[in-house]
Amino acid sequence: MSENQIYTLTVNGSQREVKDSWIGESLLYVLRERLGLPGAKGACEQGECGSCTVMMDGAAVCSCLVLAASAVDADIKTVEGLAPDGSLTDVQQSFINNGAVQCGFCTPGLIVAIHNLLDSQPNPSELEVREAISGNICRCTGYGRIFAAVQDVIEQRGATR
Amino acid sequence: MSTVKTRRDVLGTNALRPDGAAKVKGEFSFSSDMWSDGMLWGATLRSPHPYARIVRIDTSPALAIDGVRAVLTAEDVPGVLTYGLIDQDQPVFAVDYVRYMGEPVAAVAADHPETCRRALAAIIVEYEVLTPLTDPELSLDTSTPAIHPNGNVFRHQRIVHGDTSVVGDVVVEGEYEIGMQDQAFLGLEAAMAIPDADGAGIELHIATQWLHEDQKQIAACLGLPIERVRLVLGGVGGAFGAREDISLQVHSCLLALTTKRPIKMQYSREESFFGHVHRHPARVHIRHHAKADGTIVKIEARMLFDGGAYASTSSAVLINGITHIQGPYRCPSAVVDGFAVRTNNPPCGAMRGFGVVQACYAHESQMDRLAEACGLSHVEIRLRNAMRTGDTLITGQPVESVAPVERCIRETDALPLPPPLIDSPDVLELPGGTGLTSRSENIRRGIGWGVSIKNIMYSEGFDDYSTARCTLQDGVVALKFATSEVGQGFVTLAPQIARSVLGVTDVVVEPMDTTIGSAGSTSASRQTWMSGGAVDGACRLVRERLFEHVGLANGIDALRLVIEDDEIVDTMGTLRIKVTDAAPGVRFEETFEHHHRPTEDLDENGQGNCHVAFAFVAHRAVVDVDVELGLVKVVQVATAQDIGRALNPLSVQGQLEGGIAQGLGLAVMEEVIVQDGRVRNPSFTDYLLPTALDAPEVVYSLIEEPDPQAPLGAKGVGEPPCISVTPAIASAIRQATGRDIRRVPVRPQDICL
Amino acid sequence: MTVHSPRTIDQAVTLLEKYPSAMILSGGTDFMVEVNFNHRKPSQVVSTRAIEELRQWNIDHDTNSIFIGAGVTYSTIESSDIAQAAPALAEASRTVGSPQIRAAGTMGGNLGTCSPAGDTLPVFAALDAKILLASNAGRREVSFADFMVGPKKNSLLAGEMVLGVSLPIIEGWQGYAKVGVRNAMVISIASACLVRNASDDSVRVALGSVGPTIIRARAAESWWLDQGAPRSSSEMHTEFGARCAAEASPITDHRSTAEYRRHAIKVLCTRLAARSTSR
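Residues numbered from 1 in each chain as written. Chains lettered and ligands numbered in written order. Predicted model: local features only at pLDDT ≥ 70, side-chain atom pairs only at ≥ 80, totals over all residues. Heavy atoms only, no water.

Colleague: What is the right way to read the overall build of chain C from this model?
Modeller: For chain C, the helix and strand inventory stands at 12 helices and 14 strands. Taken over C-alpha atoms, the radius of gyration comes to 19 Å for chain C, in line with the 19 Å a tight globule of 279 residues would show. Considering only C-alpha atoms, chain C reaches an extent of 60 × 45 × 30 Å along its principal axes. Pairs at least 24 residues apart make up 61% of the contacts formed inside chain C by residues separated by at least 6 positions. For chain C, the accessible area works out to roughly 10400 Å², and carbon and sulfur atoms hold 49% of it. Placing the 28 positive and 26 negative side-chain charges of chain C at their respective mean positions leaves the two points 7 Å apart. (Helix = DSSP H or I, 4+ residues; strand = E, 2+ residues; numbered from the N terminus. Rg over C-alpha atoms; globule rule 2.2 N^0.38 Å. Contact = heavy atoms within 4.5 Å. Areas by Shrake-Rupley, 256 points an atom, 1.4 Å probe, with all protein chains shown as cover. Lys, Arg positive; Asp, Glu negative; His and termini not counted. Charge placed at Lys NZ, Arg CZ, Asp CG, Glu CD.)

Here it is, written out as structure tokens:
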């Protein structure tokens, strides 16, 4: 089905045209089903899990709650846009090293949320980390290894500053 | 935690997940990420009523919508009309009656999810609404009309053991209630069904716990020979028991075969609450008889599990519940009656802990009461009764597993307690958090205990074997098995096993599908033991072939050869050759099935060796409670778990912490609220899961006493972490508040009103 | 469905006049839930995302007032100088949903949705906030009490939109508290905002999630004033809390019981009163 309103999104630095879409589609749907970017995951459709977190104009938001057609002026960055092909960011590598990944469904959203946190606050306290990711539900890990992963990144970045 | 560095990631090391990089980059393909040329979307029409007769269905208005390609109902099911893991009583689509809110009535295929929604809205279903049976006690009443041809009782089983006339010096009695918990995996149900070109077969990419069981049930419903139904594991975003039953499998395949197009189906969160089974709500009445010194002499119990509308695994959950009601404690005599019944509530089945969670909440609440009645501490009463290897269970089965219950308790007790709450803590450290409800003067701290026993593997005569194939060529191993990787980390463990057995470094895990024999289910804490055993066995067979080859080539007896690190070494000579160089160009391939020892059915008195093995764990919870508002923050959970052997300590830690968070959820926030058969909170706004601000500090000790029965010495570690933490938290709330908490989850009003 | 993205308020109200049934999309955190859950199928949507003017705020110390544009997000409230000028609003904003929701959700959205559980609404009620509305016919201002008329019902007319909200800067004390069953990301079961004026020691208290609208406990407010200074005894605060609870009108639903909600209001208001006098 389509309603013929064509629009263009700026995703990971590229202009991406969306056509033949149903205009009620969320940014999450458009990223996953139309633009070939399935990294953001859908798990609640109402902003209560954080799996679909992307950065929009520098803020971490739930892409399931963004009407894609309304995001035409925004600079959108997804998990796919964090590290060049074949490489990992420090947060991504730390997640692997610390056992912060189990099923991995919440992982991309958490990675984006944590990058967003550390961009604005390079040395957060443990409680600040917890509050910053309190909108990202993880059902597997109980969060312990995720906190450890973030702590490692903070320490590594601190050591290289 | 420091990473143990060894040259190769063998058993015992913190090998890292092979799928980790793909998962952190968002490149791992979950079943919901699949896409296929020319695919259509599938969707399900569900009953709005808990109980109704279907008077008429008219699908023609939906079929008339542009973009709709198929609308299917029960009339379109070519094979058997029902499925189920134990009893096949659940309809693919409702036939004549709907028996729970959310029961599938029809399915559609269309060009867009929004078209599907419009099609579902256009299907006309005329219902004659009936009064639902929602009280499980009424299901036991023979005067209640049956809501299903198979009757209202799934199973009744009694346990009568020892001298039932014994009366204790001390008797404590209580009635306990456990609410309905949801597995709430994050990766919603999703599948891609691709029809064969000849229209007489199907390939289903599916997130499931048990490929072969799905295959069997799907083929029967599709009326296809089993070999024409091929299953491939799609990336699984958690499971916890909710992917053991059929959900959208048959629907997606039927739509694909009908439309001759690939079908993508995925549930929304709301639909997921209706689309899979939940943890059974249960009521437990239990009476402990003990000597004055606290030694238990008898338990009497009645357990009632509400199985909801269809059987699923209710009869097995019941057996787990009643056979674990004694807890990890010696108990010479018992009279137990257990019932699993049918109602018009949501169907219930497997969830992490499988019947033992309900039993544990009851027996641990009782242990606290018994301690108080006997003037003992909560630790002393548990130590006094702690089960040991060789003890006899109330089923008459001897505990042959290593049973370090006393050690679990003592090591937990020795773990450090958290510092006391300071005067002006950050609001995030207080119950209520940023809600700014509480200050430290409003808080009371409590400490509570829980200890549990959990069977591992399937029970009651079921041969739940696992199959694995190992191929070795030029030092590279390929492993093939159908073991569902749901996040637990078997894809990490299996290569560790191969490296340990074969001295290799490079191990490839092939796709998990039905082209090899069954691995059984990823449940019951069984895959490390069962599929681990199968991989270990296959690798050992390959090692024998390799040694024979090297022996023959070098003129020495293969029995003299061993693997040392990455070399083959002649123990009686000088030969020393790298595994990678030992047999250039030669391919060794072996398949192995691991079977655990046989188990038995229970007799009419509930006697029999029905379980394979047991694992034990202790939990100590520290909670801060705002007594006036009834708000709780779990500060710390300490645990010592009997794991046999830590094959990957980092993975074990992840299971412990993850399980504790789920047990915390059941203790203080997670409940599917059902009123008159209607689910009131099918969303993550109202079904609350623990967040990063709810997760407690976890301190732990791993008890490694290798189990001689276990192929790798290791017990499964998946379920125990979530079992006794729930009663430990409830107990801590009792300690903090003096309230008699009889029910979980504990709600604010249970504490302060 | 058609999405319009006006860049000015004038363009927006023109569109709203042309499409009186259009839905206004601000941060999307309520709107998209309705769309995703198939509860709403708007044919015309006016997105305010590109209207720069709505994202402005102003703190005027001469008039002791704050104006907050409808497009200002919760996270802006938390992190900007609004947090010092209206601390209760910042406290309320910090309890909204998740960080992701707070980065997207707006004041205009909270007002537009007008849920009894809307986290900032008790603050607006307690501060006697004025809501500035605009349509093609012009602008008008309504008090919050006249704006919220029922559960998810407000007095916006067809073709009208929220431009922003003005609040007084209070000389005195203000605080917010909210009960939820989780330590983050939770819908309010009961909430309260208390404002205490330094000049006359009067209080204003507003209750959330315990009635069809936000409730001002006006009888308790007058009782407070009737008591003699210094109004700092714990007995008085407890009595005040009980009187606030008596004015609540809670219901039982799947989130909580009426009994608990009323009890929670009593405790929250007692504690807020105590905090207001403890410094």
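Colleague: Would you explain the domain arrangement of chain B in this entry?
Modeller: For interface size, the figure often reported is the accessible area lost on association. Residues and elements named next belong to chain B. Here the domain parsing of chain B yields domain 1 (20-28 + 465-594), domain 2 (34-131 + 186-239 + 243-275) and domain 3 (282-459 + 601-752). Each of domain 1 and domain 2 has a C-alpha centre, and these two points are 38 Å apart. Taken together, the contact between domain 1 and domain 2 spans 17 residues of the former and 17 residues of the latter. Together, S484, V486 and T514 form the three largest contributors to the area buried by domain 1 at its contact with domain 2, with a combined 41%. Counting the contacts that link domain 1 with domain 2 gives 10 residue pairs in polar contact (both at pLDDT 80 or more). Looking at the side of domain 1 that touches domain 2 residue by residue, the classes come out as six nonpolar, nine polar and two charged. (Domains from an automatic or database assignment. Buried area = accessible area lost by both parts, 1.4 Å probe. Polar contact = N/O pair within 3.5 Å; in protein donor to acceptor, adjacent residues only side chain to side chain. Nonpolar A, V, L, I, M, F, W, Y, C, P; charged D, E, K, R; others polar.)

Colleague: What is the right way to read the interface of chain B and chain C from this model?
Modeller: Listed as interface residues are 39 residues of chain B and, on the opposing side, 31 residues of chain C. Summed over both sides, the interface of chain B with chain C buries roughly 3000 Å², with 54% coming from carbon and sulfur. If you look at where chain B meets chain C, you find four salt bridges. Note that R255 of chain C is salt-bridged to D686 of chain B, the shortest N-O span being 2.4 Å. Put simply, chain B and chain C have 14 residue pairs in polar contact (both at pLDDT 80 or more) between them. Going through the elements one at a time, α3 (113-122), β27 (631-642) and α17 (748-752) of chain B are the ones with two or more residues in the side of chain B that touches chain C. Along the lines of polarity and charge, the residues of the side of chain B that touches chain C split into 18 nonpolar, 11 polar and 10 charged. (Salt bridge = Lys/Arg side-chain N within 4 Å of Asp/Glu carboxyl O.)

Colleague: Help me understand the environment of G432 of chain B in this model?
Modeller: Here G432 of chain B lies in the loop between α11 (405-414) and β18 (443-456). Taking the C-alpha atoms as reference points, G432 of chain B and T483 of chain B, 51 residues apart in sequence, are found 42 Å from one another. Residues contacting G432 of chain B, with those up to four places away along its chain left out, are T437 and L631 of chain B together with N183 of chain C.

Colleague: Is there a simple way to explain the interface of chain B and chain A in this structure?
Modeller: Each partner contributes to the interface: chain B provides 65 residues, whereas chain A provides 55 residues. Roughly 4500 Å² is buried in total at the junction of chain B and chain A, and carbon and sulfur atoms are behind 57% of that figure. The three residues of chain B that bury the most area against chain A are V24, K25 and L186 of chain B, which together make up 16% of that side's buried surface. Across the chain B-chain A interface, the total number found is five salt bridges. Counting the contacts that link chain B with chain A gives 25 residue pairs in polar contact (both at pLDDT 80 or more). The set of elements that each furnish at least two residues to the side of chain B that touches chain A consists of α1 (20-24), α3, α7 (269-275) and α14 (649-668) of chain B. Residues of the side of chain B that touches chain A, tallied by class, amount to 27 nonpolar, 22 polar and 16 charged.

Colleague: Which parts of the structure should I look at to understand the sheet that holds strand β25 (residues 587-594) of chain B?
Modeller: Sheet strands line up and pair through hydrogen bonds in the backbone, either parallel or antiparallel. Residue and element names in this part refer to chain B. Strand order in the open sheet formed by four strands is β21-β20-β19-β25, with mixed pairing between adjacent strands. The outermost strands of the open sheet, each flanked by one partner alone, are β21 (506-509) and β25. Between one strand axis and the next, the sheet turns through 20° on average, direction left out of account. Taken together, the eight bridges between strand β19 (residues 466-473) and β25 define a ladder with antiparallel strand orientation. Considered in β25, the bridge of C470 is made with E590. Contacts from helix α12 (residues 490-502) reach β19, β20 (476-481) and β21, with the element oriented near 135° to β20. (Pairing = 2+ DSSP bridges. Axes fitted to C-alpha atoms, helices over the stretch in contact; angles between N-to-C directions.)

Colleague: What's the story with the side chain of T343 of chain B in this structure? I'm lost.
Modeller: With respect to the secondary-structure elements, T343 of chain B resides in the loop between β17 (334-341) and α9 (356-374). Relative accessible area serves as the criterion here: at 0%, T343 of chain B is assigned to the buried category. (Buried < 20%, exposed > 50% of the residue type's maximum accessible area, 1.4 Å probe, protein only.)

Colleague: When you look at the sheet that holds strand β2 (residues 14-18) of chain A in this model, what are you seeing that I'm missing?
Modeller: Residue and element names in this part refer to chain A. The five strands are arranged β2-β1-β5-β3-β4 in an open sheet whose pairing can be described as mixed. Each having just a single partner strand, β2 and β4 (59-62) make up the two edges of the open sheet. Within the sheet, the average angular offset between the axes of one strand and its neighbour, ignoring direction, is 40°. With two bridges connecting them, strand β1 (residues 7-11) and strand β5 (residues 75-77) associate as parallel partners. When the bridges of β5 are listed, V11 appears paired with I76. In the packing of helix α1 (residues 27-34) onto the sheet, the strands contacted are β1, β2, β3 (53-56) and β5, and the crossing angle to β1 comes to about 85°.

Colleague: Honestly, the domain arrangement of chain C in this entry has me stumped. Any pointers?
Modeller: Residue and element names in this part refer to chain C. If you check the domain split of chain C, you get domain 1 (55-168) and domain 2 (172-277). Centre-to-centre, using C-alpha coordinates, domain 1 lies 20 Å away from domain 2. Of the residues lining the interface, 25 residues belong to domain 1; the matching set on domain 2 comes to 21 residues. Together, the buried faces of domain 1 and domain 2 total about 1800 Å²; carbon and sulfur atoms form 61% of this surface. By the criterion of area lost to domain 2, the three top residues of domain 1 are P116, P122 and A126, representing 27% of everything that side buries.

Colleague: Got a minute to help me understand the packing of aromatic side chains in this structure?
Modeller: The geometry of an aromatic ring pair is captured by two quantities: the separation of the ring centres and the angle between the planes. Scanning the model with the defined rule gives 15 aromatic pairs over all chains in all. Plain terms: the ring middles of F481 of chain B and F490 of chain B are 5.1 Å apart, the flat faces sit at 75° to each other, and that makes the pair edge-to-face. Three or more aromatic residues link up through ring pairs in this structure, and these residues are F105 of chain A together with F28 and F30 of chain B. Stacked on the ring of Y267 of chain B, the Lys or Arg R46 of chain B has its end atom at 4.9 Å from the ring centre. (Phe/Tyr/Trp six-rings, centres within 6.5 Å; stacked < 30°, edge-to-face > 60°. Lys NZ or Arg CZ within 6 Å of the ring centre and 35° of its normal.)

Colleague: What's the story with the packing of α9 of chain B against helix α10 (residues 378-385) of chain B in this structure? I'm lost.
Modeller: Working note: a packed helix pair is described by the angle between its axes plus the distance between those axes. Residue and element names in this part refer to chain B. At their nearest, the axes of α9 and α10 sit 8 Å apart, and the two run at 105° to each other. Here α9 is positioned roughly perpendicular relative to α10, judged by the angle of their axes. Seen from α9, the contacting residues are E364, M367, D368, L370, A371 and E372; seen from α10, they are H378, I381, R382 and N385. Residues belonging to the contact of α9 with α10 are distributed by class as follows: four nonpolar, two polar and four charged. (Parallel < 35°, antiparallel > 145°, perpendicular 65-115°, else oblique.)

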